[in-house]
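Residue-level listing of the chains:
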Amino acid sequence: MRFPLDKKNLIRGARGHLSVGLGKAADYQAQYVSLYAPVAGRLTHFESDDGGLWLRLSGNDGFTYEFAHLSIRHKSGKVHEGQKIGTTGNSGRVTSGPHLHIQIKRTDGSRIDPETFFDQ
């Protein structure tokens, strides 16, 4: 497993998200930079008013990875670990500038803290 950005600079972690009434997630500095698949799996797209352009990676490891505020999304379908899957950005209504929002879900839908998950 790899971290999905070349640099890991946390803006707001899970505690910060939860303290303002958002779900468990993390935001990282990422000003229009490449986004890479942390694991192999199947990639799909979706959009929301708040998060803008999203990618969802159903990982072969059993976890679901969701990335928001993207500017470019690559084709849906099978991807391998480390493959470029998009470019970060500033899409969506709830954003404070270009960054990457990451959510990780277990099979039961509960979210995992991305900071501790990627530090394993």
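Because the structure is a prediction, the values reported are computed rather than measured. (Residues numbered from 1 in each chain as written. Predicted model: local features only at pLDDT ≥ 70, side-chain atom pairs only at ≥ 80, totals over all residues. Heavy atoms only, no water.)

Trainee: I would appreciate a short explanation of the nonpolar core in the present structure.
Mentor: It is characteristic of soluble globular proteins that their nonpolar side chains tend to be buried jointly. Ranked by size, the top nonpolar core spans 22 residues in total, and within it L35, Y65, F67, I85, L100 and I102 carry the most contacts. Sorting the residues of this core by element identifies β2 (26–29), β5 (52–59), β6 (64–73), β9 (99–105) and α2 (114–118) as the ones contributing at least two each. The residues contacting I102, other than those within four sequence positions of it, are F3, P4, A25, A26, Y28, E66, F67, P114 and F118. (Core = buried A, V, L, I, M, F, W, Y, C linked by side-chain atoms within 4.5 Å. Buried < 20%, exposed > 50% of the residue type's maximum accessible area, 1.4 Å probe, protein only. Helix = DSSP H or I, 4+ residues; strand = E, 2+ residues; numbered from the N terminus. Contact = heavy atoms within 4.5 Å.)

Trainee: Got a minute to help me understand the side chain of T88 in this structure?
Mentor: On the secondary structure map, T88 appears in strand β8 (residues 84–88). From its side chain, T88 meets the backbone nitrogen of Y32 in a polar contact 3.1 Å long. Those residues within four positions of T88 in sequence are excluded, and the remaining contacts are L5, A30, Q31, Y32, V33, H69, L70, S71, H99 and L100. (Polar contact = N/O pair within 3.5 Å; in protein donor to acceptor, adjacent residues only side chain to side chain.)

Trainee: Can you walk me through the packing of aromatic side chains in this structure?
Mentor: Two descriptors summarise a pair of aromatic rings, namely the distance from one centre to the other and the angle between the planes of the rings. The final tally for this structure, using the stated rule, is 6 aromatic pairs. Relative to Y28, the ring of F3 has its centre 5.0 Å away and its plane inclined at 70°; by these criteria the two rings are edge-to-face. Of this pair, F3 sits in the segment before β1 (10–12) while Y28 sits in strand β2, and the two are 25 residues apart along the sequence. Using a relative accessible area of 13% as the deciding quantity, one classes F3 as buried. Here the aromatic rings of F46 and W54 are separated by 5.0 Å at their centres, their planes lie at 20°, and the arrangement is stacked. Among the residues examined, F46 registers a relative accessible area of 22% and is labelled partly exposed. (Phe/Tyr/Trp six-rings, centres within 6.5 Å; stacked < 30°, edge-to-face > 60°.)

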